[in-house]
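Structural description and commentary
Residue strings, one per chain:
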Amino acid sequence: MSFDAWTVFALFWLVFVTTPGPNAVNCIQNGMTLGFRRALVGVLAILTQATAFLILSALGVTALIAASPTGFLVAKLVGAGFLIWNGIRTWMKAREPARLDPKPSSHVYLHALAIATINPKSVAGYLAAFSAFVQPDVPIRDQMLVIVPTALTLTTLSYTGFTLLGALMGRSALVAVFNVWVRRVLGLCFIVYGLLLGFAATPAKG
């Protein structure tokens, strides 16, 4: 991959991981309720998903999934239900006394991994990245040695930043009246993302 191609890819990925979506909302929520250090487990889960999707994209598996209307529909409905349920739960708990959440790290990790995996932006983003930037005349291994470190570094910086934002908000919001509304907005975001995923177009058979 040439330097020019790498620059374009890096800019694409920067926009991809900094555009607010379910992962960003979850990172902010974790930062608010868990504190910065404990919430970083959620970032680790996103990196796990990112690594897996990068490998699957290189192998062409995500393209096969996207090309299967039935598989896409099932995954879409399951993911939409999960996001909507998470949003309703967050909204309903908004009035509860705000305190640091004692949930175990394993729960934080698996919850963040689930959100990252069913995130509709993920499949689209990885497919776009590989269809636009991977050069067919260059060995995929050589390109992955550039793509993977770049993607994971930018992903880490972005979602660590969202987590830090949540932690800083939490320090003031945990004792402020508007904390209820902050948590409701986060819950509403999950519901909206779930509805958008549920109504996303299913790929037609070619």
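Since the structure is predicted, the reported quantities are computational estimates derived from the model, not experimental observations. (Residues numbered from 1 in each chain as written. Predicted model: local features only at pLDDT ≥ 70, side-chain atom pairs only at ≥ 80, totals over all residues. Heavy atoms only, no water.)

Below, the discussion takes up the overall build of the protein. If you tally the helices and strands in the protein, you get 9 helices and 0 strands. Ordered by position from the N terminus, the helices and strands of the protein form the series α-α-α-α-α-α-α-α-α. Scored against the burial criterion, the 206 residues of the protein give a buried share of 40%. Long-range pairs, those at least 24 residues apart, make up 92% of the contacts in the protein with a sequence separation of at least 6. Total accessible area on the protein is roughly 10800 Å²; 74% of this is exposed by carbon and sulfur atoms. (Helix = DSSP H or I, 4+ residues; strand = E, 2+ residues; numbered from the N terminus. Buried < 20%, exposed > 50% of the residue type's maximum accessible area, 1.4 Å probe, protein only. Contact = heavy atoms within 4.5 Å. Areas by Shrake-Rupley, 256 points an atom, 1.4 Å probe, with all protein chains shown as cover.)

Attention now moves to the environment of Asn 119. Checked against the element boundaries, Asn 119 lands in the loop between helix H6 (105–118) and helix H7 (120–133). With 98 residues separating them along the chain, Asn 119 and Gly 21 place their C-alpha atoms 8.1 Å apart. Setting aside its immediate chain neighbours within four residues, Asn 119 contacts Pro 22 and Asn 23.

Looking now at the packing of helix H3 (residues 36–59) against H6. Look at H3 against H6: their axes get within 8 Å of each other, and the N-to-C directions meet at 40 degrees. Classed by the angle they form, the pair H3 and H6 counts as oblique. The hand of the H3/H6 crossing is right-handed. When H3 is examined against H6, the residues Arg 38, Val 41, Gly 42, Leu 44, Ala 45, Ile 46, Thr 48, Gln 49 and Phe 53 are found in contact with a partner set consisting of Ser 105, Val 108, Tyr 109, Ala 112, Leu 113, Ala 116 and Thr 117. The class makeup of the residues in the contact of H3 with H6 is 10 nonpolar, 5 polar and 1 charged. (Axes fitted to C-alpha atoms, helices over the stretch in contact; angles between N-to-C directions. Parallel < 35°, antiparallel > 145°, perpendicular 65-115°, else oblique. Left-handed = near helix turned anticlockwise from the far one by under 90°. Nonpolar A, V, L, I, M, F, W, Y, C, P; charged D, E, K, R; others polar.)

We now examine the packing of helix H2 (residues 22–34) against H6. Running from N to C, H2 and H6 point in directions that differ by 160 degrees, and their axes come no closer than 9 Å. With respect to their mutual orientation, H2 and H6 come out roughly antiparallel. Once H2 is placed against H6, the crossing between them reads as right-handed. Counting all contacts with H2, which are made through Pro 22, Asn 23, Asn 26, Asn 30 and Leu 34, the residues of H6 involved are Val 108, His 111, Ala 112, Ile 115 and Ala 116.

Turning our attention to the environment of Pro 20. Here Pro 20 is to be found in the loop between helix H1 (3–18) and H2. The spacing of Pro 20 and Phe 162 is 142 residues in sequence and 9.2 Å in space, taken between C-alpha atoms.

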